[in-house]
Amino acid sequence: MTQALSKHAVVAVIGAGAMGAGIAQVAAFGGHPVKLLDNRPGAAAQAIEGIRARFEKMAARGKISPETATAAGARLQAVAQLVDLFDAALVVEAIVENLQVKQTLFKALETVVSEGCILASNTSSISITAIGAALKSPQRLAGLHFFNPAPLMALVEVVSGLATAPEVASTLYDTALAWGKTPVHARSTPGFIVNRVARPYYAEALRVLTEGGADCATLDACCREAGAFRMGPFELMDMIGHDVNFAVTSSVWRAFFNDPRFLPSLIQQDLVDAGFLGKKSSWGFYNYQEGASKPQPVTVPALARPHDIVLYGQSAAARALALRLQANGVGFTRTQAMGTTLATAGAASLRITDGRTATRCAFDSQTPNTVLVDLALDYQTATRLAVSVAAQCDDTAANCAIGLLQAAGFAVSQLQDIPGLIVMRTVAMLANEAADAVNQGVCDAAAVDTAMRLGVNYPCGPLVWANSIGLAQVSTVLGHLAQTYGEDRYRTSPLIQHHVFAAKDFS
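None of these values were measured; they are calculated from a predicted model.

Each value, and the rule that gives it
Residues numbered from 1 in each chain as written. Predicted model: local features only at pLDDT ≥ 70, side-chain atom pairs only at ≥ 80, totals over all residues. Heavy atoms only, no water. Helix = DSSP H or I, 4+ residues; strand = E, 2+ residues; numbered from the N terminus. Rg over C-alpha atoms; globule rule 2.2 N^0.38 Å. Buried < 20%, exposed > 50% of the residue type's maximum accessible area, 1.4 Å probe, protein only. Contact = heavy atoms within 4.5 Å. Areas by Shrake-Rupley, 256 points an atom, 1.4 Å probe, with all protein chains shown as cover. Lys, Arg positive; Asp, Glu negative; His and termini not counted. Charge placed at Lys NZ, Arg CZ, Asp CG, Glu CD. Pairing = 2+ DSSP bridges. Right-handed = clockwise from strand over helix to strand, strands pointing away. Axes fitted to C-alpha atoms, helices over the stretch in contact; angles between N-to-C directions. 1 Å grid on protein atoms, 1.4 Å probe; cavity = no way out; pocket = protein on both sides within 12 Å on 5 of 7 lines; lining within 4 Å. Points joined across faces, edges and corners; volume = space filled by probe spheres on them. Nonpolar A, V, L, I, M, F, W, Y, C, P; charged D, E, K, R; others polar. Core = buried A, V, L, I, M, F, W, Y, C linked by side-chain atoms within 4.5 Å. Phe/Tyr/Trp six-rings, centres within 6.5 Å; stacked < 30°, edge-to-face > 60°. Lys NZ or Arg CZ within 6 Å of the ring centre and 35° of its normal. Left-handed = near helix turned anticlockwise from the far one by under 90°. Parallel < 35°, antiparallel > 145°, perpendicular 65-115°, else oblique.

Asker: Can you help me understand the overall build of the protein in this one?
Answerer: Across its full length, the protein holds 20 helices and 15 strands. Relative to its length of 507 residues, the protein is compact, with a C-alpha radius of gyration of 26 Å against a globular reference of 23 Å. When its C-alpha atoms are laid out on the principal axes, the protein stretches across 80 × 50 × 45 Å. Here the protein holds 507 residues, and 55% of them are scored as buried. Sequence separation of at least 24 residues holds for 68% of the intrachain contacts in the protein that already meet a minimum separation of 6. Just so you have it, the protein exposes about 20,900 Å², and 55% of that area is on carbon and sulfur atoms. One way to put it: in the protein the 38 positive side-chain charges average out to a point 4 Å from where the 40 negative ones average out.

Put into structure tokens, the structure is as follows:
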């Protein structure tokens with residue numbers, strides 16, 4: 001039975017940049033003697049001064065006692081050369097993302113540390129199996145992937161390469177847990193969990209932008225205000241930096257042998273080529289120069305409240321719409337479910353998007369006045385909804401549909417008639433990628449949901465969200481996207497198909 005490293009065990013961190021210093025802070029606060037090494041003269045000592053200052057600030061704010069701050073700071077030691085790490089029980093590497101450089105470092109470490117020392121890489125994208133291939137004892141190497149900033153972010157991916165010993169992964173898992181982190185086990189595949197499963201959040205927004213579905217500010221607002229994501233995809237890419245985000249996407253795409261699911265965007269490549277890297281360069285999808293104003297989302301102006309509002313069935317959307325209309329003093333009637341219709345207002349028929357365009361839905365159902373409504377995490381608390389209007393729909397009916405949603409208190413953004421709108425197609429693809437990761441043995445369902453909540457602050461795990469939508473509906477959305485685009489990019493995960501046929505979910 002494995003357990004966390006003893007607090008007497010020395011933890012060494014190589015690399016005193018933001019990630020390395022953050023990991024050193026976590027280990028020292030966790031009670032371990034910590035040695036910090038960097039090949040830049042004075043960098044390790046400077047990083048330790050910064051860590052101690054952060055401990056002192058925490059004490060000044062009453063988060064920890066002054067004694068705790070002093071003791072944690074005293075456990076940190078800057079060292080100048082690799083041989084100084086001879087007594088380490090764990091070495092965590094947080095240096096440049098280059099396979100050959102990491103292999104060279106770990107090969108050198110094998111000649112310095114004891115046979116029982118665990119070697120760990122904080123790499124976010126390089127194969128642990130490939131790093132370990134250069135070692136005499138690859139079984140003691142694993143990934144220990146923290147998220148930035150390491151002291152604040154709870155998630156740690158414990159990544160096992162092909163040769164990693166199970167007891168090594170278990171010890172790292174238990175140690176991260178003892179440090180107050182939330183670890184998840186993952187197999188070493190491209191992107192591990194988070195950097196793989198998060199790709200659709202950027203890719204679908206970029207695809208919609210490419211097709212002229214809406215502008216960046218509108219799509220970001222829909223993702224925040226309907227999807228409850230903390231940041232919209234375009235402002236998030238600007239914050240991450242397009243050089244970094246594009247490089248990760250390209251790396252995952254190449255590693256999966258150019259799988260179209262991970263295809264990089266020409267729009268983002270143009271930004272990188274132009275040097276428009278986001279906040280770091282003062283220009284990306286948005287202008288961050290001094291005095292620049294951020295564009296506002298396109299919102300349909302207030303329209304008249306429609307008459308003859310009818311709500312259909314007891315779906316979450318229908319129940320929320322009823323409560324919101326009641327709260328705003330708007331009259332309506334309710335009736336039993338009628339196919340996929342959510343509501344009618346005058347001649348307009350409102351439906352939740354199922355991955356088809358509104359025009360296709362109107363054609364298939366022979367209901368010309370069709371208006372599609374996007375997904376919301378919680379229709380009762382969402383402040384904005386995206387809609388699309390069928391080409392066959394007349395203006396009066398479209399205004400009635402939008403007026404109904406406005407009467408319920410929603411800001412409404414009308415997108416071009418793109419399949420799946422923005423939140424629904426994004427969430428369906430996130431769930432699809434999460435399911436594929438589980439299906440391929442990268443991690444289990446609980447791990448992928450935990451990783452996406454804690455690693456990238458999603459409002460809920462993608463598989464939990466898929467359960468709430470209904471896996472049959474998610475499968476339908478993916479199927480319609482695949483049919484519309486004729487691309488393997490939207491193929492449905494075999495695990496989602498299996499669960500639909502078995503009438504089970506991911507609980």
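Asker: Would you explain the pairing of strand β15 (residues 411–414) in this entry?
Answerer: Along a regular strand, successive side chains alternate from one face of the sheet to the other. Examined bridge by bridge, strand β14 (residues 384–389) and β15 share 4 bridges and lie parallel to one another. From the neighbouring strand, V387 faces β15, where its bridge partner is Q414. For the crossover from β14 across helix α15 (residues 395–407) to β15, the handedness is right-handed.

Asker: Please explain the sheet that holds strand β2 (residues 34–37) as it appears in this structure.
Answerer: Adjacent strands of a sheet pair through backbone hydrogen bonds, lying either parallel or antiparallel. If you trace the 8 strands from one edge of the open sheet to the other, you get β3-β2-β1-β4-β5-β6-β7-β8, paired in mixed fashion. Looking at strand neighbours, the two that pair on one side only are β3 (76–79) and β8 (182–187), the edges of this open sheet. Strand-to-strand twist in this sheet, taken as the mean axis angle between neighbours without regard to direction, amounts to 25°. Contacts from helix α2 (residues 43–60) reach β2 and β3, with the element oriented near 165° to β3.

Asker: What exactly am I supposed to notice about empty space enclosed by the protein here?
Answerer: A probe as big as a water molecule, rolled over the atoms, marks out the empty space that is left. Summed over the entire model, instances satisfying the criterion amount to 3 cavities of 30 Å³ or more. Estimated volume of the largest cavity: approximately 60 Å³. As for the largest cavity, its lining consists of A317, A320, L321, R324, L342, V373, Y379, L385, L405 and F410. The dominant element in the lining of the largest cavity, judged by the number of residues it contributes, is helix α13 (residues 316–327), at 4 residues.

Asker: Explanation requested: unusual backbone geometry in the structure shown.
Answerer: Glycine aside, negative phi is the norm for most residues, and most peptide bonds take the trans geometry. In this structure, the amide linkage connecting N148 to the following residue, P149, adopts the cis form with an omega of 0°. Within the secondary structure, P149 sits in the loop between β6 (141–146) and β7 (155–160). At F192, a position not held by glycine, the phi torsion is positive, near 55°. By the secondary structure assignment, F192 is in the loop between β8 and α7 (194–197). Judged by relative accessible area, which is 1%, F192 ranks as buried. One non-glycine residue with positive phi stands out, namely A228, at about 65°.

Asker: Mind showing me how you'd approach the layout of surface pockets here?
Answerer: Estimates place the volume of the largest pocket at around 1,300 Å³. Along the walls of the largest pocket sit 46 residues, with M19, S124, H145, F147 and N148 positioned nearest its centre. Every element with two or more residues in the lining of the largest pocket is listed here: α1 (18–29), α4 (99–110), β6, α7, α8 (199–210), α10 (233–240) and α11 (242–255). Residues that form the lining of the largest pocket fall into these classes: 26 nonpolar, 14 polar and 6 charged. Here the second largest pocket is characterised by a volume of approximately 630 Å³. Lining of the second largest pocket is provided by 31 residues; of these, S315, A316, A317, I352 and Y379 occupy positions nearest its centre. Secondary structure elements with two or more residues in the lining of the second largest pocket: α13, β11 (341–345), β12 (348–352) and α18 (462–469). Class assignment of the residues belonging to the lining of the second largest pocket gives a composition of 18 nonpolar, 8 polar and 5 charged.

Asker: Looking at this structure, how should I read the nonpolar core?
Answerer: One recurring pattern in soluble globular proteins is that nonpolar side chains are buried together. In terms of nonpolar packing, the biggest core is built from 131 residues, with F234, L321 and L405 touching the most fellow members. Counting residues per element, this core draws most heavily on helix α16 (residues 423–439), at 11 residues. Apart from the residues within four sequence positions on either side, L405 is in contact with L321, L350, V373, L385, V387, F410 and V412. Within the second largest apolar cluster, 41 residues are counted, among which are A44, V92, A94 and A142.

Asker: Please clarify how the packing of aromatic side chains should be interpreted in this entry.
Answerer: Given two aromatic rings, one states the distance between the centres and the angle between the planes to describe the pair. Here the structure, examined in full by the defined rule, presents 11 aromatic pairs. Centroid distance F234 to F285: 4.8 Å. Interplanar angle 75°. Geometry classified as edge-to-face. One end of the pair, F234, is in helix α10; the other, F285, is in the loop between α12 (266–274) and β9 (309–312), with 51 residues separating them in the sequence. Accessibility assignment for this pair places F234 and F285 in one class, buried. Summarising the aromatic geometry, the rings of F256 and F262 are spaced 4.9 Å apart at their centres and angled 20° between planes, so their arrangement reads as stacked. Residue F256 shares its accessibility class with F262, and that shared class is buried. Grouping aromatic residues by their ring pairs yields a cluster made of Y201, Y202, F229, Y458 and W465. The side chain of R207 reaches across the aromatic face of Y485, ending 4.3 Å from its centre. Its end group placed over the ring of F410, R324 keeps NZ or CZ at 3.6 Å from the ring centre.

Asker: Explain the packing of α8 against α10 to me, please; I cannot follow it from the model alone.
Answerer: In contact at an axis separation of 9 Å, α8 and α10 are set at 115° when each is read in the N-to-C sense. In terms of crossing hand, the pair formed by α8 and α10 is left-handed. Across the interface between the two elements, Y201, Y202, A205, L206 and L209 of α8 pack against P233, F234, L236, M237 and I240 of α10. Across the contact of α8 with α10, the residue classes tally to 10 nonpolar, no polar and no charged.

Asker: Looking at this model, I keep getting lost on the packing of α16 against α18. Mind explaining?
Answerer: What describes two packed helices is the angle between their axes and the distance between those same axes. The geometry of α16 relative to α18 is characterised by a closest axis approach of 8 Å and an angle of 120° between their N-to-C directions. On the basis of the axis angle, α16 is oblique to α18. Viewed along their axes, α16 and α18 form a crossing whose handedness is left-handed. Packed against α16, whose contacting residues are V427, L430, A431, A434, A435 and V438, the element α18 presents P462, L463, W465, A466 and I469 at the interface. The residue makeup of the contact of α16 with α18, split by class, is 11 nonpolar, no polar and no charged.

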